[in-house]
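Descriptive analysis of the structure
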Amino acid sequence: MSLIQETDFGTPRSKSAGLVTLTIDGRSVTVPEGTSIMRAAMEAGTQIPKLCATDMVDAFGSCRLCLIEIEGRAGTPASCTSPAMNGLVVHTQTERLKKLRKGVMELYISDHPLDCLTCAANGDCELQDMAGAVGLRDVRYGYEGDNHVFARTNGDINAAWMPKDESNPYFTYDPSKCIVCSRCVRACEQVQGTFALTISGRGFDSRVSPGMSESFLGSECVSCGACVQACPTATLTEKSVIEIGQPEHSMVTTCAYCGVGCAFKAEMRGEEVVRMVPYKDGKANRGHSCVKGRFAWGYTTHKERILKPMMRDDISEPWREVSWDQAFNFAAAKFRGIQQKYGRDAVGGITSSRCTNEETYLVQKLIRAGFGNNNVDTCARVCHSPTGYGLSTTFGTSAGTQDFDSVEHSDVVMVIGANPASAHPVFASRLKKRLRQGARLIVLDPRRTEMVEAPHLKAQHLPLLPGTNVAVLTAMAHVIVTEGLVDEAFVRERCDWSEFEDWAAFVALPNNSPEATAISTGVDPTELRVAARLFATGGNGAIYYGLGVTEHSQGSTTVIAIANLAMATGNIGRPGVGVNPLRGQNNVQGSCDMGSFPHELPGYRHISGDAVRDQFEAVWNVKLNPEPGLRIPNMFDAAIEGSFMGLYVQGEDILQSDPNTKHVVAALSAMECVIVHDLFLNETANYAHVFLPGSTFLEKDGTFTNAERRIQRVRKVMTPRNGMADWEVTIGLARAMGFEMHYDHPSQIMDEIAALTPTFAGVSYAKLDELGSVQWPCNEKAPEGTPVMHIGGFVRGKGKFVVTEYIPTDERTGPRYPLLLTTGRILSQYNVGAQTRRTDNVVWHDEDRLEIHPHDAEQRGVRDGDWVRLASRAGETTLRAQITDRVAPGVVYTTFHHPDTQANVITTEYSDWATNCPEYKVTAVQISPSNGPSDWQKTYEEQARHSRRIAAASEAAE
Amino acid sequence: MSPDRLIYMANQIGKFFQSQGHDKAVPGIAEHIRKFWDPRMRKAIFTHLDAGGAGLDPNVRDAIATLRNT
């Protein structure tokens with residue numbers, strides 16, 4: 001093992017198809033047109049000295065170190081800004097260049113501290129490297145004059161010196177080490193798209209300035225880390241590197257946060273992570289990251305992690321630490337007992353969308369083959385199950401159609417019910433980059449999100465009322481059909497024409513017009529018409545959507561409406577277009593692919609199919625139950641009714657994340673055995689009888705599948721602190737139940753998946769190691785995977801148009817509950833917060849706030865920061881108000897990252913008609929001033945405290 | 001399982017298919033329930049149908065009756 005060194009070519013790759021040939025230092029080099037001479041030289045193996053150039057940002061030409069000479073041309077141009085051209089003869093090392101470079105370096109070093117031995121960048125400093133490269137042996141100028149290096153000069157205070165900014169929890173800014181190369185400023189602009197940094201002053205006074213000379217934490221900085229990565233010196237340095245030192249080896253792995261699936265190098269010293277650095281060859285992130293993946297991995301070693309198995313007979317008792325075998329045998333005996341008493345179908349399990357494909361596959365295998373029923377579900381139930389239903393109905397596959405690179409070819413992007421800037425930040429950066437090149441953006445969202453307005457970004461915003469997605473999308477279809485904007489050639493060739501005609505006749509009805517629906521949707525009809533015309537005629541149109549689409553009573557209908565729009569406008573089957581669900585968790589796509597839904601086996605094949613079942617029965621050596629099992633909400637209902645009494649939950653906190661907390665509490669309390677397999681004593685564990693400690697993504701091998709169907713390796717970089725990887729835990733539990741599953745390594749599990757799942761037939765660890773990643777379908781027809789789906793035709797044959805009638809949710813506002821609550825996420829926190837709350841990310845968000853419009857706040861006597869009581873038909877809670885016009889009057893908004901907020905006490909049991917995906921996004925509520933936590937919050941807190949007790953070792957031995 | 005919740009869920013499915021007309025809606029609803037409802041849920045809704053099927057919309061009632069007879 002060694003440190004993975006990625007070549008820095010100095011300037012970005014040119015995508016031009018034309019080639020040019022030139023001579024550099026006597027060697028002939030052929031590169032794409034538009035390539036810089038610096039990059040051409042590097043591709044030929046010659047590294048021209050450089051400081052301000054790096055291939056993550058465009059060339060800038062400021063450091064004057066990369067000078068070259070070109071035969072027949074005067075002067076010494078910078079190689080980073082000089083394009084390679086046919087026939088050029090370039091010299092990178094001449095007497096003249098050597099002198100010039102030495103002079104430049106001498107000036108740089110004359111205003112730079114010489115504390116190299118104790119500097120955090122020692123061993124990873126480009127300034128040091130360049131001083132070495134140009135042969136700098138002497139600095140003639142001394143430090144006596146003006147400088148940025150010393151706090152005091154000749155006994156006087158040095159006004160040009162600035163102290164270190166340590167405000168950001170993860171990195172420091174030391175201005176005394178800055179060479180003003182602007183790499184950080186350009187990374188913030190070009191890669192991240194936040195524009196938080198600038199250079200203030202000019203000449204010798206030039207300084208890197210976050211915002212208006214603010215601290216990093218106080219500025220607009222979103223802590224993505226791009227600037228730190230770009231910095232050639234110790235000016236911007238990870239605090240972990242300052243503390244630990246330089247890493248000595250690294251492994252490429254996949255982030256365990258959102259569904260973008262960024263590839264990272266885990267840079268290590270022994271078994272200690274020094275830092276996580278985004279990997280340039282990662283095809284999802286292309287070398288970029290966000291604050292979560294880059295920095296928020298401290299939870300993996302957090303003191304609250306549970307490392308020993310625990311059990312108890314009753315949740316009123318404290319936990320007892322036991323051996324793995326004791327825990328397995330206890331759990332197995334309980335589950336077998338329940339099955340004997342209540343029947344085979346009285347137990348089930350939930351696979352985790354945070355665990356690997358291999359682990360998810362094993363849990364569903366244990367349930368189907370070991371438990372003998374199909375009561376398996378996953379948290380995709382509560383997020384993207386409508387995507388599966390909607391896209392498989394219309395297109396024939398339960399997945400997004402594109403890769404993330406596709407956005408580079410989009411001309412009009414429609415973002416519906418998603419806030420990528422917060423929830424999928426690296427995709428948002430890639431989208432913003434395309435928007436700065438001229439693509440247009442339409443945002444459908446009740447709230448004015450960070451995607452609506454940002455530096456160099458202004459979207460057309462359709463602020464619809466929560467719950468009216470179907471009406472708005474059908475109205476867009478109305479405009480497209482009635483104004484003759486349908487791509488008829490596409491529809492005739494690729495889709496079922498008669499179904500299209502039925503659909504077109506339906507959407508054309510006058511009651512579906514923007515004008516007729518405006519009263520319920522709240523969307524200005526003129527704006528809606530403009531947006532529809534733009535999407536239909538503006539070139540490549542791509543739709544990206546999130547949980548604002550799926551988490552509704554009509555979630556599946558909305559997904560279908562989106563698919564209809566894409567087909568009607570011919571926006572399917574090539575780069576730049578498509579329907580793209582942005583997945584919440586790292587492996588939501590994978591957990592769905594792996595057969596986590598109760599009605600289907602891996603590869604989305606219904607359990608009632610004899611041929612498919614035969615295949616699995618032959619390999620698993622058991623008889624499978626042909627009937628679909630219970631979905632998560634059905635499990636809760638069945639528990640309360642008394643027919644579902646045992647649940648194995650891997651890596652999901654259903655108590656915090658599922659709607660109507662009181663109902664979930666009642667269901668969990670009714671069960672006789674709840675097994676929680678997790679990193680921490682989460683909220684669900686308060687009602688559990690067995691706790692199996694889990695392992696983090698750093699502690700195991702496996703694969704995750706991201707939102708673009710990309711299967712990527714997760715690589716073990718440290719020994720599991722709990723002693724076992726999660727796949728081994730599931731095998732142990734299965735064995736105790738009398739069901740043997742033998743695997744020595746997760747690669748063997750993937751081999752079994754590949755053998756049983758046609759879309760995965762070509763997937764193996766060897767191939768993933770060779771190609772880095774593949775997108776399914778990966779099989780004989782597409783041995784290297786499928787970046788864009790439905791090229792030339794739909795997977796199901798003809799694309800299917802389905803009529804999408806708008807049926808308002810039964811969750812209505814009225815005199816008692818006049819406001820609509822909708823929920824979402826914030827950049828620094830992730831999902832239920834179990835991971836991010838245990839990192840320094842809490843400096844950005846340490847509590848959930850209720851966003852309320854000034855008008856609604858004033859009517860209720862609520863001021864900014866006040867405690868408010870938030871009540872719905874389901875329950876009530878309290879939290880503090882944040883007054884903002886991001887939300888429209890009549891709409892309030894909150895996040896659900898903190899368990900004490902109890903946002904899901906408020907949400908109701910209404911759910912999507914097709915999949916039972918809960919309606920998190922629409923709840924009628926009332927708000928009133930409050931003095932503090934509600935009685936429910938107090939009781940809950942007390943129960944949680946009581947339930948989390950762990951008996952002292954001596955007590956446990958008794 | 002509580003018939004009220006199942007009736008609500010079945011009617012919700014029915015409403016999606018309503019715009020496709022009775023002839024397409026009935027098999028559509030029946031297939032959806034067959035594919036996605038666990039046997040105890042189907043059994044409970046059949047029991048409810050036998051007891052008069054109060055609260056079920058007409059297409060849904062027909063669909064459940066068809067399903068029962070297959």
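Let us look at the structure shown here. Predicted model only: the values in this text are computed from it and were never measured. (Residues numbered from 1 in each chain as written. Chains lettered and ligands numbered in written order. Predicted model: local features only at pLDDT ≥ 70, side-chain atom pairs only at ≥ 80, totals over all residues. Heavy atoms only, no water.)

Residues spaced three or four apart along an α-helix point in a common direction, a consequence of the helix completing one turn every 3.6 residues. All names here are of chain A. Of the residues making up helix H21 (residues 610-620), those classed as buried are Val-612, Arg-613, Phe-616, Glu-617 and Trp-620. End-on, the buried residues of H21 take up no more than an arc of 130 degrees, which puts them together on one face. For H21, the exposed residues lying more than 90 degrees away from the buried face are Ala-611 and Ala-618. Among the structural elements, helix H9 (357-371), strand E25 (600-601), strand E26 (605-606) and helix H26 (746-756) are those in contact with the buried residues of H21. Directly beyond the C-terminal end of H21, a positive phi value near 65 degrees is found at Asn-621. (Buried < 20%, exposed > 50% of the residue type's maximum accessible area, 1.4 Å probe, protein only. Helix = DSSP H or I, 4+ residues; strand = E, 2+ residues; numbered from the N terminus. Arc of directions from axis to C-beta. Contact = heavy atoms within 4.5 Å.)

Take the sheet that holds strand E11 (residues 249-254) of chain A next. Residue and element names in this part refer to chain A. Taken in spatial order, the 3 strands of this open sheet run E11-E12-E13, and their pairing is antiparallel. Each of the sheet's edge strands pairs with one partner strand only, and the pair in question is E11 and strand E13 (272-278). Each strand axis lies, on average, 30 degrees off the axis of its neighbour in the sheet, ignoring direction. (Pairing = 2+ DSSP bridges. Axes fitted to C-alpha atoms, helices over the stretch in contact; angles between N-to-C directions.)

It is worth spelling out the pattern of salt bridges at this point. Residue and element names in this part refer to chain A. Counted by the stated rule, this structure contains 59 salt bridges over all chains. One salt bridge in this structure joins Lys-700 and Glu-359, with 3.0 Å as the shortest N-O distance. One end of the pair, Lys-700, is in the loop between strand E29 (690-693) and strand E30 (702-705); the other, Glu-359, is in helix H9, and 341 residues separate them in sequence. Of the two residues examined, Lys-700 and Glu-359, each falls in the buried class. (Salt bridge = Lys/Arg side-chain N within 4 Å of Asp/Glu carboxyl O.)

So, on to the interface of chain A and chain B. At the interface, 34 residues of chain A touch 22 residues of chain B. Counting the surface lost from both chain A and chain B, the interface buries some 2,400 Å², and carbon and sulfur atoms represent 52% of this. The largest share of the area that chain A buries against chain B comes from Pro628(A), Arg631(A) and Trp913(A), three residues that together contribute 22% of it. Across the pair Arg42(B) and Glu627(A) runs a salt bridge, and its minimum N-O distance is 2.6 Å. One can count 9 residue pairs in polar contact (both at pLDDT 80 or more) joining chain A with chain B. Within the residue set of the side of chain A that touches chain B, elements represented by two or more residues are helix H19 (555-568) and helix H22 (632-641) of chain A. No other element matches the 5 residues that H22(A) contributes to the side of chain A that touches chain B. Classifying every residue of the side of chain A that touches chain B by side-chain character gives 13 nonpolar, 11 polar and 10 charged. (Buried area = accessible area lost by both parts, 1.4 Å probe. Polar contact = N/O pair within 3.5 Å; in protein donor to acceptor, adjacent residues only side chain to side chain. Nonpolar A, V, L, I, M, F, W, Y, C, P; charged D, E, K, R; others polar.)

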